[in-house]
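# Observations on the three-dimensional arrangement
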Amino acid sequence: MKHTLSALVLAASLTLAGCASFTPLTPGMPVQEVIALKGQPAIQYPDGNTTILEWPAGEWSQYAYMARIGPDGKLISYDNVRTREQFAKIKVNQFNKNDVLRTIGHPTETEYLPLKKQEVWSYRYKEEGMWNSMMHVYFDGSGIVRGMENGQDPLYLRDGFWGPGVGIGIGSGGRIGGGIGVGIGF
């Protein structure tokens, strides 16, 4: 019992120590302090004379936080960039891939559509803080944004009317030993 209680006390103190990452960041804070509070950024982008640091967060990276660091090494801003307002800043037919990276960060998924000859960057996010959504940004062969669309995140779609795992299969056998089968699974 004493061992279990000690382990719980240790776990609780480690959890409380981890709460330091919830300390709010304030403009003017040195970059070393930002990194000490938030950990090493996953990605770093140069942006003129400033630097952007990115931390993806949440289930499936539905959130991404970016800190803009000035040339003096001090924090200018720190924001969640997976929001409808931030996506609205992307200008179709004007922004390129670097503009998109500096605006909403690194995509959750990428895909190439050979028939359309477009690359798609997809971003999971919580629309209005509650809806599991996905934003798709389409680029042409020269890396210019040619379109955007959003919708429900397919990871959270239900498997139809009957619920998950329902399927109906019909098949027939080959030339030797033939046969027909019908299966329904739940």
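One structure accompanies this document, and this report is about it. The residue numbering used here restarts from 1 in each chain and proceeds along that chain's sequence as written. Local features in a predicted model are, by the rule used here, given only for residues with pLDDT of at least 70; side-chain atom pairs are given and counted only at 80 or more, and totals for whole chains, interfaces and linings are based on all residues. For the side-chain quantities, the full set of heavy atoms in the structure was used; hydrogens and water were omitted.

### What to know about the overall build of the chain
Helix and strand content of the chain: 4 helices and 10 strands. Under the scheme used here, helices are H or I runs from DSSP no shorter than 4 residues and strands are E runs no shorter than 2 residues, and both carry numbers assigned from the N terminus. Counting helices and strands in the order they occur from the N terminus, the chain gives α-α-β-β-β-β-α-α-β-β-β-β-β-β. Looking at the chain alone, contacts between residues at least 24 apart form 31% of all its contacts between residues at least 6 apart. For this analysis, residues touch if any pair of their heavy atoms sits within 4.5 Å.

### Quick notes on the packing of aromatic side chains
Stacked, tilted and edge-to-face are the three classes applied to pairs of Phe, Tyr and Trp rings, where Trp contributes its six-membered ring and a pair requires centres within 6.5 Å; stacked means planes under 30 degrees apart, edge-to-face means over 60, and tilted covers the rest. Counted by the stated rule, this structure contains 5 aromatic pairs. When the ring of Y65 is compared with that of Y78, the centres are 5.6 Å apart and the planes differ by 10°; the resulting orientation is stacked. Residue Y65 is found in strand β3 (residues 63-69), and its partner Y78 is found in strand β4 (residues 75-80); the two are separated by 13 residues along the sequence. Here a set of aromatic residues connected by ring pairs shows up, and it is made of W55, Y65 and Y78.

### A closer look at the side chain of N132
With respect to the helices and strands, N132 occurs in strand β7 (residues 131-139). Throughout this description, buried means an accessible area under 20% of the type-specific maximum (1.4 Å probe, protein chains only), exposed means over 50%, and partly exposed covers the range between. For N132, a relative accessible area of 18% puts it in the buried group. One polar contact links N132 to K126, side chain to side chain, over a distance of 2.9 Å. Not counting the four nearest positions on each side in its chain, N132 is found in contact with Q62, Y125, K126, Q152, D153 and Y156. We call two N or O atoms a polar contact when they sit within 3.5 Å, provided that within protein one can donate a hydrogen and the other can accept it, with sequence-adjacent residues counted only if both atoms are side-chain atoms.

### Side note on the nonpolar core
Within the largest apolar cluster, 18 residues are counted, with the highest numbers of intra-cluster contacts made by I90, V100, I104, Y123, V137 and V145. At the level of secondary structure, the elements contributing two or more residues to this core comprise β3, α4 (97-104), β6 (118-127) and β7. V145 has contacts with I90, K91, V92, N93, Q94, F95, V100, V137, Y138 and F139, leaving out every residue within four places of it along the chain. We call a set of buried Ala, Val, Leu, Ile, Met, Phe, Trp, Tyr and Cys residues a nonpolar core when their side-chain atoms join them within 4.5 Å. The next biggest cluster of nonpolar side chains, apart from the first, holds 10 residues, and it includes V34, L37, L53 and L75.

### Brief notes about the layout of surface pockets
The rule is simple: put a 1 Å grid over the protein atoms alone, call a set of points where a 1.4 Å probe fits but cannot get out a cavity, call an open set with protein on both sides within 12 Å along at least five of seven lines a pocket, and count a residue as lining if it has an atom within 4 Å of a point. Grid points are joined across faces, edges and corners, and a volume is the space filled by probe spheres set on the points. Roughly 200 Å³ of internal volume is contained in the largest pocket. Mapped by element, the contributors of at least two residues to the lining of the largest pocket are β3, β4 and α4. Looking at the lining of the largest pocket element by element, the count peaks at 3 residues for β3. Split by residue class, the lining of the largest pocket holds 4 nonpolar, 3 polar and 4 charged. Amino acids are sorted into nonpolar (Ala, Val, Leu, Ile, Met, Phe, Trp, Tyr, Cys and Pro), charged (Asp, Glu, Lys and Arg) and polar (every other residue, Gly among them).

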